[in-house]
Amino acid sequence: MQVLKFGGTSVGNAKAIEKVCHILQHHKPGGRYAIVVSAMSGVTDQLIQCGTLAAKGQENYKRILEDIEIKHFDTIRTLFPITIHSGLISQVKKRLNSLETLADGIFQVGELSKRTLDKIMSFGELVSSYLVAEKLKQLGLSATWKDSRELILTDDRFGNAQVDFTATNHQLQQFFASSPAAYTVLPGFVAATAENETTTLGRGGSDYTAAIVAAAVNASLLDIWTDVSGMMTADPRLVSQALPIAHISYEEAMELSHFGAKVIYPPTIQPVMNKRIPIWIKNTFAPDDHGTLIQNSTERNYPVTGISGIQHIALLTLEGSGMVGIPGFSKRLFDALLHARINVILITQSSSEHSITVGIHEADMLKAKAAVDDEFGQEIHEKKIEPLLVERDLSIIAVVGDKMKNHHGTSGKLFGALGRNGINIRAIAQGSTEKNISTVIHKNDIKKALNVLHEAFFETPTKQVNLFIAGVGNVGSKLLEQLHQQHAYLESELGLHIRVIGVANSKQMAFREKGIASGEWRDALVAGDQMEMSAFVQQAKKLNLRNSVFVDNTASPAVAAVYSEFLQHGISVVTCNKIACSSGYANYKKLKDLARQFNASFLFETNVGAGLPVINTLNDMIRSGDQVRSIQAVLSGSLNFVFNHFVGNANFRDVVKAAQDEGYTEPDPRIDLSGVDVARKILILARESGVPLEMEDIVNNSFLPEAALYAPSVPAFYEQLDVFADYFNGLRNAAEKEGKRLKFVAAYEDGKASVGLQAVGPDHPFYNLQGKDNIVLFTTARYAEQPLMVKGAGAGADVTASGIFADIIRTAR
Ligand code: ADP
Ligand code: ASP
Ligand code: MG
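You'll find the protein chain entered in an unreviewed UniProt entry as Aspartate kinase, with Chitinophaga costaii given as the organism. Per UniProt, the protein chain carries the Subunit (unreviewed entry) text "Homotetramer." Regarding the protein chain, the relevant UniProt record gives this comment under Cofactor (unreviewed entry): "a metal cation".

(A) Up close: the overall build of the protein chain. Per the secondary structure count, the protein chain includes 29 helices and 29 strands. Against the compact-globule benchmark of 28 Å for 813 residues, the protein chain has a radius of gyration of 36 Å, which places it well outside the compact range. A principal-axis box enclosing the C-alpha atoms of the protein chain has dimensions of 120 × 70 × 55 Å. Per-residue burial over the protein chain gives 54% buried out of 813 residues. For the protein chain, the computed accessible surface area is about 35,300 Å², with 50% contributed by carbon and sulfur atoms. Side-chain charges in the protein chain split into 79 positive and 86 negative, and the spacing between the mean points of these groups amounts to 3 Å.

(B) Layout of the sheet that holds strand β27 (residues 752-760). Taken in spatial order, the 6 strands line up as β25-β27-β26-β24-β28-β29 in an open sheet, and their pairing is mixed. What marks the edges here is a single partner per strand, and that holds for β25 (699-701) and β29 (788-793). Recorded for the sheet is a direction-independent mean angle of 20 degrees between the axes of neighbouring strands. Against the sheet, helix α22 (residues 637-645) contacts β24 (628-634), β26 (741-749), β27 and β28 (773-780), and its axis sits at roughly 150 degrees relative to β26.

(C) Inspection of the site of ligand 2 at higher detail. With respect to spatial proximity, the complete set of residues near ligand 2 consists of S38, A39, T44, E125, F189, R203, G204, G205 and S206. R203 is positioned with one of its side-chain polar atoms (N or O) 2.6 Å from an oxygen atom of ligand 2. At 3.1 Å, a backbone N or O of S206 approaches an oxygen atom of ligand 2. Here ligand 2 has 260 Å² of accessible area as a free molecule, and 85% of this is covered by the chains.

(D) Local environment of the pairing of strand β10 (residues 292-295). Pairing between strand β8 (residues 247-249) and β10: 3 bridges, direction parallel. Residue pairing across strands places H247 opposite L293, the latter belonging to β10. As paired strands, strand β9 (residues 279-283) and β10 are joined by 3 bridges and run antiparallel to one another. Residue pairing across strands places I281 opposite T292, the latter belonging to β10.

(E) View of the pairing of strand β17 (residues 463-470). Counting buried residues in β17 gives 7 out of 8 residues, a clear majority hidden from the surface. The parallel pair β17 and strand β18 (residues 496-504) is bridged by helix α15 (residues 474-494), and the resulting crossover is right-handed. Bridging between β17 and strand β21 (residues 548-552) involves 5 bridges; their strand directions are parallel. Within β21, the position partnered with A470 by the bridge is D552.

(F) Representation of the nonpolar core in the model. Of all hydrophobic cores here, the largest spans 82 residues; its most connected members are F536, F550, F566 and L685. The leading source of residues in this core is helix α25 (residues 676-688), at 7 residues. Once you skip the residues sitting within four places of it in the chain, F536 turns out to touch F468, I469, G502, V503, A504, M509, F511, M531, F550 and F566. Membership of the second largest hydrophobic core comes to 77 residues, among which are F175, V272, I345 and L450.

(G) View of the site of ligand 1. Taken together, 16 residues surround ligand 1, and among them T226, D227, M232, R237 and K262 come closest. In this structure, K5 approaches ligand 1 through a side-chain N or O atom, which is 3.0 Å from an oxygen atom. In the environment of ligand 1, an oxygen atom lies 3.5 Å from a nitrogen or oxygen atom belonging to the backbone of V263. The protein chains hide 89% of the 570 Å² of surface that ligand 1 would expose on its own. Its residues placed into classes, the shell around ligand 1 shows 7 nonpolar, 4 polar and 5 charged.

(H) Summary view of the environment of Q786. Along the polypeptide, Q786 turns up in the loop between β28 and β29. Overall, the relative accessible area of 61% leaves Q786 in the exposed class. Taking C-alpha positions, Q786 is 42 Å from V714, a pair spaced 72 residues apart along the chain.

(I) Geometry of the environment of G230. Tracing the backbone shows G230 in the loop between β7 (221-226) and β8. Judged by its relative accessible area of 1%, G230 falls in the buried class. For the pair G230 and T357, spaced 127 residues apart in the sequence, the C-alpha separation amounts to 34 Å. Sequence-distant contacts of G230, defined by excluding residues within four places in its chain, comprise V263, I281, G291 and T292.

(J) Looking closely at the packing of aromatic side chains. With the rule as written, the count across this model stands at 23 aromatic pairs. With centroids separated by 4.9 Å and ring planes inclined at 80 degrees, the aromatic side chains of F175 and F176 adopt a geometry described as edge-to-face. Like F175, the residue F176 is buried in the burial classification. When the ring of F643 is compared with that of F703, the centres are 5.3 Å apart and the planes differ by 70 degrees; the resulting orientation is edge-to-face. Note that F643 is positioned in helix α22 and F703 in the loop between β25 and α26 (706-709), a separation of 60 residues in sequence. Of the two residues, F643 and F703, both sit in the buried class.

(K) Expanded view of the side chain of T209. If you trace the backbone, T209 turns up in helix α7 (residues 206-216). If we ignore the near neighbours within four places in the chain, the residues touching T209 are V36, S148, I152, P187, G188, F189 and L201.

(L) Focus on the packing of helix α3 (residues 61-79) against helix α4 (residues 85-109). Across the interface, α3 lies against α4 with an axial gap of 11 Å and an inter-helix angle of 165 degrees. With respect to α4, the axis of α3 lies roughly antiparallel. Note on packing geometry: the crossing formed by α3 with α4 is right-handed. Along its contact with α3, which presents Y61, K62, L65, E69, H72, F73, I76 and R77, the element α4 presents H85, L88, I89, V92, K93, L96, L99, E100, A103, D104 and F107.

(M) Representation of unusual backbone geometry. The phi dihedral of F189 falls on the positive side, at around 75 degrees, and the residue is not glycine. Within the fold, F189 resides in the loop between β4 (183-187) and β5 (190-192).

(N) Local environment of the pattern of salt bridges. Counted by the stated rule, this structure contains 37 salt bridges. E59 is paired through a salt bridge with K62; the nearest N and O atoms lie 4.0 Å apart. Classification of K62 as partly exposed rests on a relative accessible area of 36%. Among the charged side chains, a network of salt bridges with common partners joins E362, R392, D393 and K443.

(O) Spatial organisation of the environment of E319. Examined against the element boundaries, E319 turns out to sit in strand β11 (residues 306-319). Sequence spacing of E319 and V20 is 299 residues, and the spatial spacing of their C-alpha atoms is 54 Å. Among residues more than four places away in sequence, those in contact with E319 are H354, S355, I385 and E386.

Analysis parameters
Residues numbered from 1 in each chain as written. Chains lettered and ligands numbered in written order. Predicted model: local features only at pLDDT ≥ 70, side-chain atom pairs only at ≥ 80, totals over all residues. Heavy atoms only, no water. UniProt positions renumbered as here; feature names shortened; annotations may be inferred. Helix = DSSP H or I, 4+ residues; strand = E, 2+ residues; numbered from the N terminus. Rg over C-alpha atoms; globule rule 2.2 N^0.38 Å. Buried < 20%, exposed > 50% of the residue type's maximum accessible area, 1.4 Å probe, protein only. Areas by Shrake-Rupley, 256 points an atom, 1.4 Å probe, with all protein chains shown as cover. Lys, Arg positive; Asp, Glu negative; His and termini not counted. Charge placed at Lys NZ, Arg CZ, Asp CG, Glu CD. Pairing = 2+ DSSP bridges. Axes fitted to C-alpha atoms, helices over the stretch in contact; angles between N-to-C directions. Contact = heavy atoms within 4.5 Å. Near = heavy atom within 4 Å. Polar contact = N/O pair within 3.5 Å; in protein donor to acceptor, adjacent residues only side chain to side chain. Right-handed = clockwise from strand over helix to strand, strands pointing away. Core = buried A, V, L, I, M, F, W, Y, C linked by side-chain atoms within 4.5 Å. Nonpolar A, V, L, I, M, F, W, Y, C, P; charged D, E, K, R; others polar. Phe/Tyr/Trp six-rings, centres within 6.5 Å; stacked < 30°, edge-to-face > 60°. Parallel < 35°, antiparallel > 145°, perpendicular 65-115°, else oblique. Left-handed = near helix turned anticlockwise from the far one by under 90°. Salt bridge = Lys/Arg side-chain N within 4 Å of Asp/Glu carboxyl O.

Right, here's the structure in full:
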C-alpha cells in the first residue's frame with residue numbers, strides 16, 4: 001500500500017483538486033492507496049479566527065463563516081457536474097450548520113476552550129477530504145471516505161494531542177485489512193480521544209496523520225504532495241536562490257523541519273523512519289519535478305544539506321555561583337519547563353557551568369519565567385542564583401548536514417560569513433551528533449543571515465554586492481554606466497553579482513529591494529521620494545542586505561557626516577568625497593576604527609589622484625613594513641592645467657578663465673587656486689602614512705594675493721587677477737629665466753607637510769607633467785635611492801568612477 005498526502009494549497013480550489021485527481025488517476029493502476037488531505041488553504045486559519053472573534057463577542061465571526069461557506073460551495077460548483085451540486089452542497093451545509101451552532105455557543109459564553117477549538121478546526125479537513133473522495137468516485141475510481149477520528153486515538157491534550165500508537169495501529173490495520181476500496185480518502189490533522197472527543201495533532205499535522213497511517217500499514221512509500229518541488233536548501237520565501245534537495249536522510253530532514261522548514265511537520269518523520277519507509281516530497285503543480293526523497297543516509301560528500309530558521313524565539317538564561325559543580329540544576333530547570341509543557345528548542349551550557357541557556361518559543365516566555373523562578377525560589381532568595389534572565393526578539397538559524405562532522409571548517413565558514421555581515425551571534429549550540437549547528441541571532445537579521453549562509457554554502461563562488469549610491473552627477477552616472485557595462489564580466493570572472501539597491505541625488509531618492517535595473521535609475525529617481533539623508537540611511541539599514549556598500553559620489557558635508565552610521569551597521573563606505581578624511585583627525589580615526597570593529601571597509605582611493613592607485617600603493621608599502629620618508633606630489637589637475645598654459649606671453653587671468661570654461665576648475669576657481677584642495681590631499685596621504693596631522697598643520701604657501709583670494713565674488717576675483725597681472729608675470733618670468741617651469745607642489749617630510757608653488761628644472765620628474773596629470777613620488781626605506789612614482793590622469797569623471805569601481809570590488813573580496 002502507498003500513502004499520499006495532499007496539503008492545503010494542493011486542495012486550495014477546484015483547479016488544484018483536479019490536479020490531485022489527475023495525479024491519482026495516473027498512479028500505478030491496481031495499487032491500493034490511502035489519501036490524506038489537508039483543509040483547503042487558509043481555512044484552518046479562518047476557523048481559528050472565527051472562534052477567536054466569537055469568544056471576544058465580535059459578531060463578524062459570522063462573516064468568516066460566510067467566507068468559508070462561499071469557498072467550499074464555489075469549489076463544488078466548479079468541480080462537479082451541475083446534477084450533483086445540490087446533494088453535495090446539502091452535505092457540506094449540514095456540517096456548516098453544526099459549525100455555526102458551535103460558533104454561536106462560543107459567542108454566547110464568551111469563551112473558547114482548546115477542546116472546542118479542536119472541534120471547530122476539524123471542520124476544514126473533514127469537508128476537504130469529503131470533496132476529494134466524491135470527486136474520485138465521480139471519476140469512476142473505487143474510492144471511499146473514512147473519518148480519521150475513528151482510526152487515530154489520542155490523549156486529550158487538545159490542540160497538540162499525543163497518539164496512542166498501540167490502539168491506533170490496531171484500528172488502522174483492521175480497517176485496511178477489511179476495506180475493499182482501492183482509494184481511501186482520510187482527513188488529516190484530526191483524531192479523537194477514547195471518549196470520542198475530537199482532537200487535533202498540532203498545526204501542520206496532516207503530514208503526521210499520513211505518516212501514522214503509513215507506518216501502521218507498512219506502506220511501501222509515503223508521498224507528501226505540496227506546493228514546492230521538494231525540501232529546499234532554505235525557505236524559498238526568504239531565500240530566492242534556494243534549490244531543491246534531491247536526496248536527504250531522515251535525520252537531516254528531521255533537523256531541518258524541527259528548525260523551521262515548514263514543508264514537513266517535524267513529528268512526521270519518526271514513525272516512518274522506524275519502519276524505513278521512504279518519504280517522497282512532490283509538487284502537485286509540477287509533478288514531473290523530481291522532488292525530495294527522504295530515506296536512510298545518503299551518499300554525498302558535501303557538508304551542508306540545508307539551512308532553516310525559526311522566528312519568535314526567546315532565550316532563557318539561568319546563572320549564578322550556586323550552580324557550579326552541583327549536579328541536578330539542569331535537571332530541575334528542564335523538569336520545571338516540562339511540567340509547564342514548554343518545548344525546549346535549543347540548549348547551550350557554558351563550560352564553567354556558571355550558566356545554562358535554553359531557547360524556547362517567545363509565546364511561552366512568561367510561563368517559563370514563572371515556572372523556573374518558582375522552582376528556584378529558595379536559591380534565588382539566598383542569592384545563589386539570579387532570577388531567570390529572559391531575552392526576546394530573537395531567531396534561530398540552523399545549518400544541517402550529516403557530513404558536517406567529516407568536514408573541517410564548517411563552523412568557521414558559518415561564523416565568518418555572519419561576522420563579515422555584521423550579524424551578531426547571541427548563542428550557539430552544536431548537537432552532539434554534529435548534524436546541526438544552531439545560532440541565535442536578532443530577529444531582524446534572519447533573512448540576511450539565511451541569505452548570507454546560503455551564499456556561503458550553496459552559491460559559491462557568486463557573491464552578491466548591494467550598493468546604495470548617493471550622487472549621480474558626472475562621476476555617479478559614469479559609475480552606473482561602468483557597472484552596467486562590466487556586469488557580465490564581473491559575474492563570470494570574479495563571481496560578483498553587483499546590484500544597485502538605492503540611488504539618490506540632492507533632491508530625490510529611490511530603492512528597489514531586488515535591484516534597480518541598469519538604465520532605469522533615472523526613472524526610478526523621478527518616481528522616488530524626496531531625498532533626506534537620514535531616511536536614506538534608515539532605508540539601507542532596514543533592508544539589511546548582505547555585503548552592503550554605501551557609495552558617496554558627492555562633495556557634500558551632510559553626506560560625509562553619515563559614514564559612521566553605515567559603518568556601525570557593517571555597511572562598507574566607498575567615497576570620492578574628501579570631506580571625511582580631511583576633517584578632524586579624531587573623526588578620520590574613528591571611521592577607520594569603526595570599519596575595523598564592524599568588519600566593513602572604508603575606502604577612499606579617489607580622494608587623491610582620482611583613479612590613480614596612490615592610496616592603495618601607499619597602504620601596500622606600509623602593510624609590508626616599509627616606512628615613508630617623504631612624499632612629493634603634484635595633486636591638482638586644475639593647477640597643472642593652469643601652469644602648463646601660463647607660459648610665454650599668456651595672461652594669468654585668461655588662462656584661469658580658459659581652465660574654468662573647459663571644466664578643469666570648480667565653478668569658483670579659488671577652491672583650486674587657493675591650494676586648499678591640494679592641502680587636503682597631502683593631509684590624507686600623511687595620515688595614511690601613519691602621522692596624525694590636522695589641516696592646520698599643513699603649511700599653505702599660497703601664491704594668490706589676499707585681495708584675489710578674499711574677493712567678494714568670482715567676477716571680482718577675476719578683476720584682481722588683472723590688477724596683479726605684473727605679480728603673476730613676475731613669478732613666471734623668474735622661473736623661465738632659470739629654464740624652469742612652475743608647478744604647484746605638495747610635500748611631506750618628517751611629519752611636516754606643505755603646499756605651494758615651485759619652479760622645477762628640466763631634470764625634475766615634475767618638469768614634463770602634461771595636461772591634468774598628477775604625479776606622486778614616494779621616497780621610503782625601500783625606495784630610498786629612486787622614489788616610487790605614480791603618474792597619470794588625476795582628474796575626470798571617467799577615471800574617478802573607475803577608481804570608485806575598483807574600491808567597490810575591493811570591499812567584496
Ligand atoms: P502544505 O499545505 O502542502 O502542507 P506547507 O505550507 O505546510 O504546505 O509547506 C510548504 C511550504 O513550506 C512551502 O510553500 C515553503 O514556503 C515553505 N518552506 C519553508 N522552508 C522550506 C524548505 N526548506 N523547503 C521547502 N519549503 C519550505
Ligand atoms: N490544516 C491544518 C493546518 O493548517 C493541518 C495541515 O494543513 O497540515 O495546520
Ligand atoms: Mg504543511
